[in-house]
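Breakdown of the fold
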Amino acid sequence: MQVYQSDSGKLMFMNKYHGRKLTLPGFKEALFQFFHDGQRLRQELLSPVLRRLREMQAALEGCESYRFYSSSLLIIYDGEAPRAQRPRLRGGEEGEEDDLSEEDERRRTRREDEEAGAFGFPCGVRRAGGSGSSPAAGDQPGVRAGGCPLVDVRMIDFAHTTCRHYGDASVVHEGQDSGYIFGLQNLITIISQLEEHSAD
């Protein structure tokens, strides 16, 4: 786990061996730290992550005979604070904000987002499997002005995945990968609790 700490400008890092030793309370604390930037809990990320996890759960529930042994779940988000929360400084002088109007700032933000995207991919360009940007995307929680999500959730490391369609599979499993789905359900529950607690 790596998290950018905006207060110190450094990355907080925990490796998988540390993660394997975590108790349930320790795991909950680690998730809190994952969504905390050193100054505040990034509440705007929780709902999009939950949405992506629920979509993944629904997709996995439709996969018959697949087993995702040793695969991992990757959750990434843009560590940079949303632009509305960062003052624009002129010439690097602390405390002097740019004299841009709100409309100019929105145009500049949109242009920068279209050029770079949240993860370095152009927002205005359709990517394989992507839907491109939509005009109202900037109004959705967890979405930048250019339509790029602040978060991405993916399954990775499929070297030991198996299903009945693999010709050399020695064991054919029936039904869903209940272990992976169970893990997703627990993660959804814990992040939902974090979201509810942060709203109080």
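These numbers were taken from a predicted model, which means no experiment stands behind them. (Residues numbered from 1 in each chain as written. Predicted model: local features only at pLDDT ≥ 70, side-chain atom pairs only at ≥ 80, totals over all residues. Heavy atoms only, no water.)

**So, the overall build of the chain**
Note the cut-off: Working definition: helices are DSSP H or I runs of at least four residues, strands are E runs of at least two. Numbering for both runs from the N terminus. Only protein chains enter the calculation, and the probe is 1.4 Å; a residue is then buried if its accessible area is under 20% of its type maximum, exposed if over 50%, and partly exposed in between. Residues count as neighbours in contact if any of their non-hydrogen atoms are within 4.5 Å of one another. Method for areas: the Shrake-Rupley scheme with a 1.4 Å probe, in which residue coverage is limited to the protein chains shown.
A count of helical and extended segments in the chain gives 5 helices and 6 strands. Its helices and strands taken in sequence order, the chain reads β-β-α-α-α-β-β-α-β-β-α from the N to the C terminus. Per-residue burial over the chain gives 32% buried out of 200 residues. Contacts in the chain between residues far apart in sequence, at least 24 positions, make up 71% of those at least 6 positions apart. With an accessible surface of roughly 12600 Å², the chain has 51% of that area assigned to carbon and sulfur atoms.

**Quick look at the nonpolar core**
Note the following rule: As used in this record, nonpolar core signifies buried Ala, Val, Leu, Ile, Met, Phe, Trp, Tyr and Cys residues forming a set joined through side-chain atoms within 4.5 Å.
Phe35, Val49, Leu53, Leu60, Tyr77 and Ile191 are the most contacted members of the largest nonpolar core, which has 27 residues in total. In terms of residues, this core owes the most to one element, helix H5 (residues 178–199), which gives 8 residues. In contact with Leu60, not counting residues within four places along its chain, are Phe68, Met155, Gln176, Tyr180, Ile181 and Leu184.

**With respect to helix H2 (residues 24–34)**
Test applied: This arc describes the spread of directions from the helix axis toward the C-beta atoms.
Every buried residue of H2 is listed here: Ala30, Leu31 and Phe34. Projected onto a plane normal to the axis of H2, the buried residues spread over an arc of 100° and lie on a single side. Where H2 is buried, its residues contact strand S1 (2–5), strand S4 (72–77) and H5.

**Considering the packing of H2 against H5**
Geometry of a packed helix pair, given as the angle between the helix axes and the separation of the axes. This is how the line gets drawn: Interaxial angle, 0 to 180 degrees, is taken between N-to-C directions of lines fitted to C-alpha atoms, where a helix line uses only the stretch in contact. Angles are sorted into four bins: roughly parallel if under 35 degrees, roughly antiparallel if over 145, roughly perpendicular if 65 to 115, and oblique for all others. We call a crossing left-handed when the near helix sits turned anticlockwise from the far one by less than a right angle, and right-handed when that turn is clockwise. For this scheme, ten residues count as nonpolar: Ala, Val, Leu, Ile, Met, Phe, Trp, Tyr, Cys and Pro. Four count as charged, namely Asp, Glu, Lys and Arg, and the remainder, Gly too, count as polar.
Axis separation between H2 and H5 bottoms out at 11 Å; the angle between their running directions is 60°. Relative to H5, the element H2 is oriented oblique. The crossing of H2 and H5 is right-handed. In contact with Leu24, Phe27, Lys28, Leu31 and Phe32 of H2, H5 contributes Leu187, Ile190, Ile191, Gln193 and Leu194. In terms of residue class, the contact of H2 with H5 is built from 8 nonpolar, 1 polar and 1 charged.

**Digging into the packing of aromatic side chains**
Just so we agree on the cut-off: Aromatic contacts are taken between Phe, Tyr and Trp rings whose centres are within 6.5 Å, Trp giving its six-membered ring; a plane angle under 30 degrees counts as stacked, one over 60 as edge-to-face, and the others as tilted.
Across all of its chains, the model carries 6 aromatic pairs by this definition. Seen from their ring centres, Tyr66 and Phe68 are 5.9 Å apart, and the 10° between their planes marks the pair as stacked. A ring pair is formed by Phe68 and Tyr180, whose centres lie 5.9 Å apart and whose planes are at 65°; its orientation type is edge-to-face. Within this pair, whereas Phe68 is found in strand S3 (residues 67–69), its partner Tyr180 is found in helix H5, the two being separated by 112 residues in sequence. Judged by its relative accessible area of 11%, Phe68 falls in the buried class. Its relative accessible area of 13% is what places Tyr180 among the buried residues. One aromatic cluster is present, built from ring pairs that chain together Tyr66, Phe68, Phe158 and Tyr180.

**Quick word on the state of the cysteines**
Selection rule: We call a pair of cysteine sulfur atoms a disulfide whenever their separation is within 2.5 Å.
Scanning the entire structure with this criterion turns up 0 disulfides. Lacking any disulfide linkage, Cys163 is separated from the closest cysteine sulfur, that of Cys63, by 9.0 Å.

Purely geometric stuff here, so don't read any function into it on its own.
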